[in-house]
Every structure is written in C-alpha cells, then in structure tokens.
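# Fold and geometry: a report
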Amino acid sequence: MPPRGSGEPHPTDGSRDLTRAIDRLGRRLPEPLQPLAEIAYNYKWSWTPGGRELFRAFGAHRFGLTNENPVRFLRDLSEPDLLTWATDERFLEQLDRVANDLRDDLQRPDSPSLDGGPVAFLCAEFGVHRSLPVYSGGLGVLAGDLLKEASDQAVPFVGVGLFYRRGYFHQRMDRSGWQQEYWIESDPNVMPAVRVTTADGSPLTINVPIWDGELDAHVWRVQVGRVPLFLLDAELGENTPLQRWVSSRLYEGNSSIRLAQYALLGVGAARALDAMGIKPSLYHLNEGHAALATLAVASSLSAASDSPASHSGEAIEQSRSKFVFTTHTPVPAGNETYSRDEVLSVLGRLFDELHFDGHEVLALGRMHPADAAEPTGLTPLAIRGSRSTNAVSQRHGAIARAMWHEMFPHGGTDDVPITHVTNAVHLPTWMAPPMRKLLTECFGDGWERFASDPILWKQVDEIDDERLWDVRCTQRDELVYQIRRKVVVDRLARGEDIDFVQAGRDAFDPSFLTIGFARRLATYKRLNLLVHNVERALSLLNHDRPLQFVFAGKAHPLDDAAKAFAQRMFELKRVPEVGNRVVFLEDYDLSAATTVVAGCDVWLNLPRPPFEASGTSGMKAALNGGLNLSVLDGWWMEAYDGSNGWAIDGSVDPDEAAKDERDANALYDLIDNEVKPLFYDRDEHGIPTKWLERVRASLRTLGPRYCATRMLDDYVTQIYRS
Ligand SMILES: *Cc1c(COP(=O)(O)O)cnc(C)c1O
C-alpha cells in the first residue's frame, strides 16, 4: 500500500522505500499479523483509538522500554510472543479495524480547500511521538500537532526538519536538585523512518555549501498519517566531523553551528523537495530558523526567469508570494542575531552559489538595513521574505507589531502587517481515552471532525455529574499510578537514601486535589513563584484540604538561573509532607506530558507578561477536564471568561520583584480561597458539583477554540489561501 503523499505519487519521494520497509518487516511476522507492519510505519496508530493497545498487548512494559517505537518492538519480538496473538480472534479483529482505518485514511482524496501543490511546513523541531526525539518543547509539539491535523483534514501538507541523531538532551537531577544533561544517540534504521533513495536505489543526497565546504545530507521519510515528514541527516561518511555535528543536537549551544543547522534546514528543505519532485504551492516557515529557504527559492526562480533579479531585495521580492511566516518569540532577545563575520564565515559560500551579495543579505536580516553595525537575524529575513507574518495569539500579535514596527516605518503600530492565528492542540493526541470515550457517548461517533463547532460542545452540559467525575478520577488515578512508578526510579537513579526511595512508592493520593506545572523551565515561566513564600507554600499542602503538586521540565543547558529555580524546589524535599506530596518528574517529554496533562485537576502557568507568546499545555489540560489557573498572557488572555478557570493579573510591570510578590500572593490566595473550597465541597454522593460546573464551562468554551481543527481552518482560510 503506497502511502499517498500529496497529489500524484512521486517515484523518488521515499514512498517506494516505505513500501519496501513495510514488506521487509511484514515478512518477519506470522501472516495474520502482517498488517502490523503497515501500522508500525505510520504514526497514525498513535492517535487512532485502539492503535496503541495493539502493541501493548505483546507486553506493555517491554513496549515502553523501546520508547513505544513499534518498528524496533516488532523486530525484537520472539516467535512464541507473536504466535500468541496470531490466532486470537479478538486481537485480529482489532488489528483489522485499525489497519482498515489507516488504509481508508490514506486513500481519501485530498481536501479541495487548497489548490496546487502541498504546503511545505518547515520547522527546526517536530514533536510527533516520544519515539522520534527531534523536539524540545512547545514549538515542536505544535509542529507535530499541525501535521497530524493536516492529515486528519486531508489538507495536502509535507513537513521538513532535521534528523538530530542525538536530539535534545536528557535530564538527570543530582541529589541537590541540580540538572545534569546527557545525550542518547538514536538509530534511524530501527525507527519508523526510511532513507529516501533515487531511481537507481542509491540514497538521495542533497548538498548545501556551509563554511568552506559542501555538506551532504540524506533524507529520511517518516509517515504521519497522510503527511510525510522529511528529516535531513548529515551523519554521513563523506562529511567532516564538524559537518556531521550539524544534524547532531537540537539547539546546539554554539551559535555558528546553529547557523549552519538553519542553513541546512532552510536551503536543504528547498533542495530536498525539489530533488524528490515535490512542488510546494507554499512554504510555511514555522519560526525564523528556516528563513534561508527564501534565498534558495528566490535563486531558483530568478535563474528560471527571463529577467533575473538585479539585487537581493528584488530576488526576495519575487519569491515572497511563496512564503508565509509564523513568529513565536515575543522578546527581542529570543530572536537570535549573528555578527557580520559569523554570517559570512558560515554562509559566504552559500550566498555566492545562490548569486546573492552577502552584504545585501546581511542587510535583509536587520531591522534597519542601512545600519551596518546592527547584527543580522533570521526573523527580519523571514518577515521580508514572506507574503504574510502571523503571531500565535491575539496579545502576541500586538506585541509583535510593536516589536517589528521599525521595519514598517510608514504608519502606526496598528498598521504593521502582522496578524495572529492562536495556537491549538491536536485533540486525538491529547485527549485521554476515558474523556474521549465519554464525549463520544455524548456527541456521537466521528465527532472529532467537527471539533471546532461550538454547538457540539454545548452538549457537555447534558453529561451527568457522576460520569464526568468518574472520568476525572480515572485520569487522576492513572497519573498517580505513573508518578509512583517513576518517582521511585528517579530517586534510585539520583542515589537517594532508601527510605526516601520507599516513600515514593506511596507518593500522592488518588483522591487529593492535584496541581501540575510542566513545561520547559525557562526563567520567564517563573516556577520560582511557587516557593516565593515558603511558609505559605507549605501551608497549602498541610491544610485539612490537602493538595499535591507535580512539576517537571528541562532547563536549557546554559540557563543556570532556570536550573537554580528547580534546585530551590528540591531544597524542601526533606520537609515532612513534601516528600510524598510534591514530586519532580525527571526528563519531561511527550510520554510524561500525556499522563500529566490528562490527570491534573489544575494546570498552572505563571509566565512573566508579556513573554508567553501563546502556551499550549493548558489547552491540553482543558481538553481533559482540567482547569487552568494562569497569568493572563498568551492564549489565556483571550480564552479566560471568568467561568472557565482562574486568572492572575497579566499586566507588564518593569519592577520584576514587585510583580513576583503580587503574583505569588494572588496564586496562594486563589488556591486557598477558591480552588480548594470548590474541589472539596461535595454533595451527598461525594461529588464536587460546583467544580464540575466549572469543568463543563472549560470544556464548552475552550474545546472548540483550542483544538487544532480550528487552528488549521484559520491557517487555510486566513493565511494559506490568498
Ligand atoms: C505542550 C508541551 C509543551 C508546551 O508547554 P507550554 O506550557 O505551552 O510551554 C512543552 N513540552 C511538552 C513535552 C509538551 O507536550
């Protein structure tokens, strides 16, 4: 079954390689189980009901040990393991259902919502699944969610990124709570990925001039439903060790290497798509990293045209209609810049080859092109090279217009041509099975396709208290179960005393109010507010209305301030009640995220305004019936309506210490005066009816707005079509 990419099948786009890999894996399986091979090579199983259970049937723990990588898992299963299920009628029925679901999905025609070739979505990271570790946090997960949604809506789409052999770092805390980093190498040969080959069977090789040499890269194809994700890989014998490092680690600490990565990503994406015969109707730059794609496309257009551009600005002008850009960074410092010498040393050869004047390109990357002293960044290049720029929430739109105003000096801030499409999350990925089952009973089969329809969500008001509470308790139970398992191992690995390790076995209580905070530990996320006033923080735990708190997240390896925040939390670990009521989950990733967002009753977000462009983890919690308690910044500023969660003031205050003090107190007050009473006030059946009213309001108002169905609709109608 050749997976359909978009439009006509391309002989060299890796689809043939995928078919072969499926055949090869299938031949190792007993005949009735062969459809498992098709399923394993397409991540669609991860969001199809019953898909994950197929693999877990062979041993949930063992599947987990492979990071739920189905290709590696199936390859390692023994004959007797396989034969158990090859004759099990119920298993085979389920297998048949999931396999048919996949085949039907791949055979559907493309949605007519867009003409021409596919949208090529370029991003430095993709968070598709825990077994494909090429993401660090929110940006990557958003990119993965958008690919999945494009697949669900049959919008012609291809993703392009880098195959980081060592991915993002793994985290281990030492006993003092200081973060240590380590990297694990992944082997694409045992992953659901295939190396794209040309007609003669040799690997497709693309080439990008970087530093003083030519860097070669191969292309891996990963199937995300109907959408192919192409990942460029420089780990080749013919490259030098320095060149190989370019696709080694995500967000490498060295800025020249990052620049080289972005050249491979941008220019490599355009070249790889071209070599595979894929002709995008549009390139979507998700964040500025891939902005150099504009130069590659401009150069090809100029070469093919009768009137080649006479200078760089004009060339970029010719390719602008092919690019749209999404900015995710609301602070100037987040938009990285590079000195003239650095740019020319990494990219000088590339500019020559593309017939661009290096100094003109440097100018295109400045806020003020004429100011030769200003360093160059990829965001101004992306803005200039794209026909549209959008931010990722309403408030971020206003911030971005003010931030880039000087690039558009004619007119006021409101005239700056930057719009917004608020981020959202892929519902079938993030809504846990119990909640999804409840809503299917209430909304009817196949409701997910209409998930952006507010009328549908009105029906949550008809769900009775008992069933809704039952789902919430089931999901909290699962979280507590997972926390107990993980905390013991984390403590053992840190070398904690055995009594502290043992205490982890009954960490948490399935009936207690459970609050979560998990995301990248950037300093602006203000994890420190939780223990701003230690005494008050501890009194929250000890009250006769108990609460328990789970937190997790990685600090950037160079961000010592963020590491210190996490360490402060660890200082309290010996305080009675803290040891088993406050847990830190090490090495936060997509797998932990799924359970944590599904099980928490309250999801905290405490960013320093206006630094949260959008934030998405709160949306994941909301889809699971969790309630948000968040600073009014990013998405929450437009989502909060007084009835669907709780809010902390979102104003900007240059006096950071004063703001922290106020916000920490607001947080403690809300928990004491509103959250706890609402959660612990029960009716005669032990059900918190007022709490559930709020849960319903949250589902009803946030469900239709913050599912990726709405987000992709917005991109198609407001950004892609025009
Ligand atoms: C959703 C997600 C994030 C984003 O969290 P924010 O609160 O939006 O910053 C980060 N990491 C993982 C693993 C996620 O799934």
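The structure displayed is predicted, hence computed values, not measured ones. (Residues numbered from 1 in each chain as written. Predicted model: local features only at pLDDT ≥ 70, side-chain atom pairs only at ≥ 80, totals over all residues. Heavy atoms only, no water.)

## Some remarks on the sheet that holds strand β16 (residues 547-552)
We apply this condition: In short, DSSP must find at least two bridges between two strands for them to pair. Secondary structure follows DSSP: runs of H or I at least 4 residues long count as helices, runs of E at least 2 residues long count as strands, and numbering of each begins at the N terminus. The angle between two axes is taken between their N-to-C directions and runs from 0 to 180 degrees, where each axis is a line fitted to C-alpha atoms and a helix contributes only its stretch in contact. Contact between two residues is taken to exist if any of their heavy atoms lie within 4.5 Å; hydrogens are not considered.
The strand order across the open sheet built from six strands is β17-β16-β15-β18-β19-β20, with neighbouring strands paired in parallel fashion. Sheet topology places β17 (582-585) and β20 (645-648) at the edges, where each strand pairs with a single neighbour. The mean angle between the axes of side-by-side strands here comes to 20 degrees, regardless of whether they run parallel or antiparallel. Sheet analysis places strand β15 (residues 513-518) next to strand β18 (residues 602-605), joined by two bridges and oriented parallel. If you follow Ile515 over to β18, its bridge partner there is Val602. Docked against the sheet, helix α20 (residues 465-494) engages β15, β16 and β17, running at close to 70 degrees with respect to β17.

## Considering the nonpolar core
So the rule is basically this: The definition of a nonpolar core used throughout is a set of buried Ala, Val, Leu, Ile, Met, Phe, Trp, Tyr and Cys residues joined through side-chain atoms within 4.5 Å. Type-normalised accessible area, obtained with a 1.4 Å probe on protein chains alone, sets the label of each residue: buried when under 20%, exposed when over 50%, and partly exposed for intermediate values. Just so you know, the domain bounds were taken from an automatic or database domain assignment.
Counting residues in hydrophobic clusters, the biggest one holds 142 residues, and the most contacted among them are Phe157, Leu264 and Tyr720. When residues of this core are assigned to their parent elements, the largest contribution, 12 residues, is made by helix α10 (residues 255-275). Domain assignment of the residues forming this core places at least three in each of domain 1 (4-107) and domain 2 (119-171 + 179-423). Beyond its immediate stretch of four places on either side in the chain, Leu264 contacts Leu162, Val208, Ile210, Leu215, Ala217, Leu232, Ala234, Val246, Ser247 and Ala269. Of all hydrophobic cores here, the second largest spans 96 residues; its members include Leu604, Ala621, Leu629 and Trp691.

## Here we look at the packing of aromatic side chains
How we decide: A pair of Phe, Tyr and Trp rings is counted when the ring centres sit within 6.5 Å of each other, with Trp represented by its six-membered ring. The angle between the planes then sorts it: under 30 degrees is stacked, over 60 is edge-to-face, the rest tilted. By definition, being over a ring means that NZ of Lys or CZ of Arg is both within 6 Å of the ring centre and within 35 degrees of the ring normal.
Within this structure, the stated rule accounts for 29 aromatic pairs. With a centroid separation of 6.2 Å and an interplanar angle of 55 degrees, the aromatic rings of Phe157 and Tyr720 are classed as tilted. Within this pair, whereas Phe157 is found in strand β2 (residues 157-162), its partner Tyr720 is found in helix α29 (residues 708-720), the two being separated by 563 residues in sequence. Each of the two residues, Phe157 as well as Tyr720, counts as buried. Chaining the aromatic ring pairs together yields one cluster made of Trp45, Phe55, Phe58, Phe63, Phe73, Trp85 and Phe91. In this arrangement the basic side chain of Arg519 is found over the ring face of Phe517, its NZ or CZ atom lying 4.6 Å from the centre. The residue whose ring lies beneath Lys554 is Phe169, and the NZ or CZ to ring-centre distance is 5.3 Å.

## Here's the deal with the domain arrangement of the protein
What counts is decided by this rule: Defined in terms of a 1.4 Å probe, buried area is the accessible area two parts forfeit on being brought together, summed over both.
For the protein, the domain assignment lists domain 1 (4-107), domain 2 (119-171 + 179-423) and domain 3 (464-695). Once you take the C-alpha centre of each, domain 2 and domain 3 turn out to be 34 Å apart. Facing the 29 residues of domain 2 at the interface are 33 residues of domain 3. Counting each side, the surface lost to burial between domain 2 and domain 3 is near 2300 Å², with a carbon and sulfur contribution of 57%.

## A closer look at a positive patch on the surface
Here is the rule we go by: Grouping into patches uses exposed residues only, defined as over 30% relative accessible area, and leaves out salt-bridged ones; the cut-off is 9 Å for like charges and 5 Å for nonpolar side chains (Val, Leu, Ile, Met, Phe, Trp, Tyr). Each accessible area value is a Shrake-Rupley result obtained with a 1.4 Å probe; residue values ignore everything except the protein chains displayed when judging cover. By definition here, a salt bridge exists when the distance from a side-chain nitrogen of Lys or Arg to a carboxyl oxygen of Asp or Glu is within 4 Å. In summary, the charge assignment counts Lys and Arg as positive and Asp and Glu as negative, without counting His or the chain termini. Here the site of a charge means NZ on Lys, CZ on Arg, CG on Asp, or CD on Glu.
There is a patch of like positive charges on the surface, built from Arg20, Arg24, Arg27, Arg28 and Arg75. Sorting elements by how many residues they give to the positive patch places helix α1 (residues 15-27) first, with three residues. Tracing the sequence through the fold places Arg75 in helix α5 (residues 70-76).

## Observations concerning the packing of α20 against helix α28 (residues 689-702)
Heads up, the rule is: Orientation is classified from the angle alone, with under 35 degrees giving roughly parallel, over 145 giving roughly antiparallel, 65 to 115 giving roughly perpendicular, and any other angle giving oblique. Classification convention: Asp, Glu, Lys, Arg as charged; Ala, Val, Leu, Ile, Met, Phe, Trp, Tyr, Cys, Pro as nonpolar; all other residues, Gly among them, as polar.
In contact at an axis separation of 11 Å, α20 and α28 are set at 80 degrees when each is read in the N-to-C sense. The orientation of α20 with respect to α28, classified from their angle, is roughly perpendicular. Of the residues in α28, those in contact with Asp465, Leu468 and Trp469 of α20 are Thr689, Trp691, Leu692, Val695, Arg696 and Leu699. When its residues are assigned to classes, the contact of α20 with α28 shows six nonpolar, one polar and two charged.

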